[in-house]
Amino acid sequence: MLAIPATARLSRLVHFSLLVDDRPEVPLRIAGTCLRRRGTVVALAFDRGLPEGAARLELSVEVAPEHAQLLQHRLAGLVEVRSLAT
């Protein structure tokens, strides 16, 4: 469960649920991609140890509406990302 800070602008908040490779560097790579796409990560949860070498990454990002779709496509295109849902 993610705890959203009170300072986050809810009108610009996008939640992503990603199934990713279970490697320790994956959250940093995902967060870096969000920053490069003009998003601010406000909450992140990384649940490791799922079957078949997978992990679940829950992510809430504050991003302008015009950049949200681009961010979603960029995250889905990362090699470590197996599936993505918003």
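Higher on the page you've got the structure.
Residue numbers run consecutively from 1 along every chain, following the written order of its sequence. Side-chain atom pairs in this predicted model are given and counted only at pLDDT of 80 or more, local residue features only at pLDDT of at least 70, and totals for whole chains, interfaces and linings cover all residues. Processing note: side-chain calculations cover all non-hydrogen atoms of the structure and skip hydrogens and water entirely.

Bringing the overall build of the protein into the picture now. Helical segments are the DSSP runs of H or I of at least four residues, strand segments are the runs of E of at least two, and each set is numbered from the N terminus. Check the secondary structure of the protein and you find two helices and four strands. The linear arrangement of helices and strands in the protein, starting from the amino end, is β-α-β-β-α-β. Expressed as a percentage of contacts within the protein between residues at least 6 apart in sequence, the contacts between residues at least 24 apart total 72%. Only heavy atoms enter the contact rule, under which two residues are in contact if any of them lie within 4.5 Å.

Our focus in this paragraph is the sheet that holds strand 1 (residues 13–21). The strand order 2-3-1-4 describes an open sheet built from four strands, whose pairing is antiparallel. Each end of this open sheet is capped by a strand with a single partner; those strands are strand 2 (40–50) and strand 4 (81–85). Pairwise comparison of adjacent strand axes, ignoring direction, gives a mean angle of 20 degrees for this sheet. Helix 1 (residues 26–36) contacts strand 1, strand 2, strand 3 (54–62) and strand 4 of the sheet and is inclined by roughly 25 degrees relative to strand 3. Two strands pair under a simple rule: DSSP has to find at least two bridges between them. Throughout, an axis means a line fitted to C-alpha atoms (over the contacting stretch in the case of helices), and angles, computed between N-to-C directions, take values from 0 to 180 degrees.

Turning our eyes to something else, we now look at the side chain of Ser17. Among the structural elements, Ser17 can be located in strand 1. In this scheme, a residue with accessible area under 20% of its type's maximum is buried, one over 50% is exposed, and one in between is partly exposed, where area comes from a 1.4 Å probe on protein chains only. By relative accessible area, which is 17% here, Ser17 ends up buried. Among residues more than four places away in sequence, those in contact with Ser17 are Arg56, Leu57, Glu58, Ser83, Leu84 and Ala85.

Okay, the environment of Gly53 next. Within the secondary structure layout, Gly53 lies in the loop between strand 2 and strand 3. Note: C-alpha distance between Gly53 and Asp22 (31 residues apart in sequence) is 5.4 Å. Apart from the residues lying within four places of it in its own chain, the contact partners of Gly53 are Val20, Asp21, Asp22 and Arg82.

This part covers the nonpolar core. Ranked by size, the top nonpolar core spans 17 residues in total, and within it Phe16, Leu18, Val20, Ile30, Leu59, Val61 and Leu75 carry the most contacts. Setting aside anything within four residues of it in sequence, one finds Val20 in contact with Val26, Phe46, Gly53, Ala54, Ala55, Leu57, Glu80, Val81 and Arg82. Remark: nonpolar core denotes a set of buried residues (Ala, Val, Leu, Ile, Met, Phe, Trp, Tyr, Cys) joined through side-chain atoms within 4.5 Å.

A few words on the pairing of strand 2. For strand 2 and strand 3, the ladder comprises eight bridges, and the chain directions are antiparallel. Residue Asp47 lies in a different strand from strand 3, and its bridge partner there is Arg56. The hairpin turn running from strand 2 into strand 3, its antiparallel successor, is three residues long, and Glu52 in that turn takes a positive phi close to 65 degrees.

Only one rule defines a salt bridge in this text: a Lys or Arg side-chain nitrogen within 4 Å of an Asp or Glu carboxyl oxygen. Tallied over the entire structure, the rule returns six salt bridges. For Arg23, the salt bridge is made with Asp21, and the minimal N-O distance between the two is 3.2 Å. A residue is classified by how much of its surface remains accessible, and Asp21, at 16% relative accessible area, is buried. The partner of Asp21 in a salt bridge is Arg82, and the shortest N-O contact between them spans 2.9 Å. Of the two residues, Asp21 sits in strand 1 while Arg82 sits in strand 4, which places them 61 residues apart along the sequence. Given the relative accessible area of 40%, Arg82 is considered partly exposed.

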